[in-house]
Amino acid sequence: ADIGGTFDAVIMNPPFKQGRDIKHILHARGMLRPGGLLVSLCYAGARPSAFLRPLVDSWAELPAGSFRESGTAADVAMITMKAKKETKE
């Protein structure tokens, strides 16, 4: 759901199933104000890595089993992305 507006920061833990994390992260990036920051968890697999690594400012893989107590053994990365600042012409 699009809540409208733009934001200085977005912190998220999107669903990982079927590449949904990629879609949610790219959508949220579009909701940042110039200079805004997005911090997100994502699946640390090949597909998210191929799509997102070229776009992120940082990619940090969390230790294996970080969310095992929550019922998932998925490999997870924490990423950050900054929105581009507006430039004056």
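In case you missed it, the structure is sitting above this.
Residues numbered from 1 in each chain as written. Predicted model: local features only at pLDDT ≥ 70, side-chain atom pairs only at ≥ 80, totals over all residues. Heavy atoms only, no water.

(A) Local environment of the environment of N13. You can see N13 is positioned in the loop between β1 (7-12) and α1 (20-29). According to the relative accessible area criterion, N13 is exposed, its value standing at 54%. Between the alpha carbons of N13 and A83 there is a distance of 18 Å; along the sequence they are 70 residues apart. (Helix = DSSP H or I, 4+ residues; strand = E, 2+ residues; numbered from the N terminus. Buried < 20%, exposed > 50% of the residue type's maximum accessible area, 1.4 Å probe, protein only.)

(B) Layout of the sheet that holds β1. The 4 strands lie next to each other as β1-β2-β4-β3, forming an open sheet whose pairing is mixed. Each edge of the open sheet is held by one strand with a lone partner, namely β1 and β3 (58-61). Averaged over all adjacent pairs, the angle separating strand axes in this sheet is 10°, with direction ignored. As paired elements, β1 and strand β2 (residues 32-43) share 5 bridges and run parallel to each other. Its bridge partner lying in β2, F7 is registered against L32. In the packing of α1 onto the sheet, contacts are made with β1, β2 and β4 (76-82), and the angle to β2 comes to roughly 165°. (Pairing = 2+ DSSP bridges. Axes fitted to C-alpha atoms, helices over the stretch in contact; angles between N-to-C directions. Contact = heavy atoms within 4.5 Å.)

(C) How the structure looks around α1. Residues of α1 that are buried include every one of D21, I22, I25 and A28, and no others. Projection of α1 onto a plane perpendicular to its axis shows the buried side chains occupying an angular sector of 135°, all on one side. Buried residues along α1 sit in contact with β1, β2, α2 (46-52) and β4. (Arc of directions from axis to C-beta.)

Remember that the coordinates give geometry; whether it matters functionally is a separate question.
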